[in-house]
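Report on the structure
Next come the chains, spelled out residue by residue.
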Amino acid sequence: MKTVLVMLCFSLGSAIAAEARLPSDVVRYVEQREGCDHFRGEIPDPPDKQRMKEMEREIRKLCTGTDKKLTQLKHKYAKNQAVMKRLNDFDEKIA
């Protein structure tokens, strides 16, 4: 158990360190897009009108323009493998 915990901490630390080496505009995009994707995947059960309004507000705030921004960042950093690897984690178009 202790070994698993150490390995988890090491891999999480590596991911955080890798993220810290990305350009600041990419880090901001990743944070925004991960928030967008989170709310896109969250549907209250049972349906809750108030929660749906909150989610719709967050989706509009976090998701608007992310497709265009992803394209721009991929163009800007086309020769940076680390950035491209991270940006390729996201769908080109969100529905």
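Residues numbered from 1 in each chain as written. Predicted model: local features only at pLDDT ≥ 70, side-chain atom pairs only at ≥ 80, totals over all residues. Heavy atoms only, no water.

1. Some details on the confidence of the model for the protein
Scored by pLDDT, the protein has a mean of 85; 78% of the residues are at 70 or more. The model gives residues 11-17 a pLDDT under 50, and that stretch makes 0 contacts with residues more than four places away or in other chains. (pLDDT = per-residue confidence, 0-100. Contact = heavy atoms within 4.5 Å.)

2. Overview of the pattern of salt bridges
Under the counting rule described, the total for this entry stands at 10 salt bridges. Between Arg86 and Glu34 there is a salt bridge, and its shortest N-O distance comes to 2.3 Å. Of the two residues, Arg86 sits in helix α5 (residues 81-87) while Glu34 sits in helix α2 (residues 24-40), which places them 52 residues apart along the sequence. Judged by relative accessible area, which is 16%, Arg86 ranks as buried. In this structure, Glu54 and Arg51 form a salt bridge, with 3.1 Å as the shortest nitrogen-oxygen distance. Here Arg51 and Glu54 lie together in helix α3 (residues 49-63), a separation of 3 residues that amounts to about one turn. Accessibility expressed as a relative area gives 26% for Glu54, which makes it partly exposed. (Salt bridge = Lys/Arg side-chain N within 4 Å of Asp/Glu carboxyl O. Helix = DSSP H or I, 4+ residues; strand = E, 2+ residues; numbered from the N terminus. Buried < 20%, exposed > 50% of the residue type's maximum accessible area, 1.4 Å probe, protein only.)

3. A few points about the state of the cysteines
Taken as a whole and judged by the stated rule, the model has 1 disulfide. The disulfide bridge from Cys36 ends at Cys63, spanning 1.9 Å between sulfur atoms. Between Cys36 and Cys63, the disulfide has an S-S torsion of 110° and is therefore right-handed. Placement of Cys36 in helix α2 and of Cys63 in helix α3 is noted, with a sequence separation of 27 residues between them. The pair formed by Cys36 and Cys63 is uniform in burial state, with each residue classed as buried. (Disulfide = S-S within 2.5 Å.)

4. A closer look at the side chain of Lys74
Assignment of secondary structure puts Lys74 in helix α4 (residues 66-76). Classification of Lys74 as buried rests on a relative accessible area of 13%. Setting aside anything within four residues of it in sequence, one finds Lys74 in contact with Met84, Leu87, Asn88 and Glu92.

5. A word on the side chain of Thr66
Checked against the element boundaries, Thr66 lands in helix α4. In terms of polar contacts, Thr66 uses its side chain to reach the backbone carbonyl oxygen of Cys63, at 2.9 Å. Contacts of Thr66, omitting those with residues within four sequence positions, involve Tyr29, Gln32, Arg33 and Ile94. (Polar contact = N/O pair within 3.5 Å; in protein donor to acceptor, adjacent residues only side chain to side chain.)

6. Here we look at the packing of α2 against α3
For the pair α2 and α3, interaxial distance at closest approach is 9 Å and the crossing angle is 150°. Put simply, α2 runs roughly antiparallel to α3. In the packing of α2 onto α3, the handedness of the crossing is left-handed. Contacts between α2 and α3 pair Gln32, Gly35, Cys36, Phe39 and Arg40 from the former with Arg51, Met55, Glu58, Ile59, Lys61, Leu62 and Cys63 from the latter. A per-class count over the contact of α2 with α3 returns 6 nonpolar, 2 polar and 4 charged. (Axes fitted to C-alpha atoms, helices over the stretch in contact; angles between N-to-C directions. Parallel < 35°, antiparallel > 145°, perpendicular 65-115°, else oblique. Left-handed = near helix turned anticlockwise from the far one by under 90°. Nonpolar A, V, L, I, M, F, W, Y, C, P; charged D, E, K, R; others polar.)

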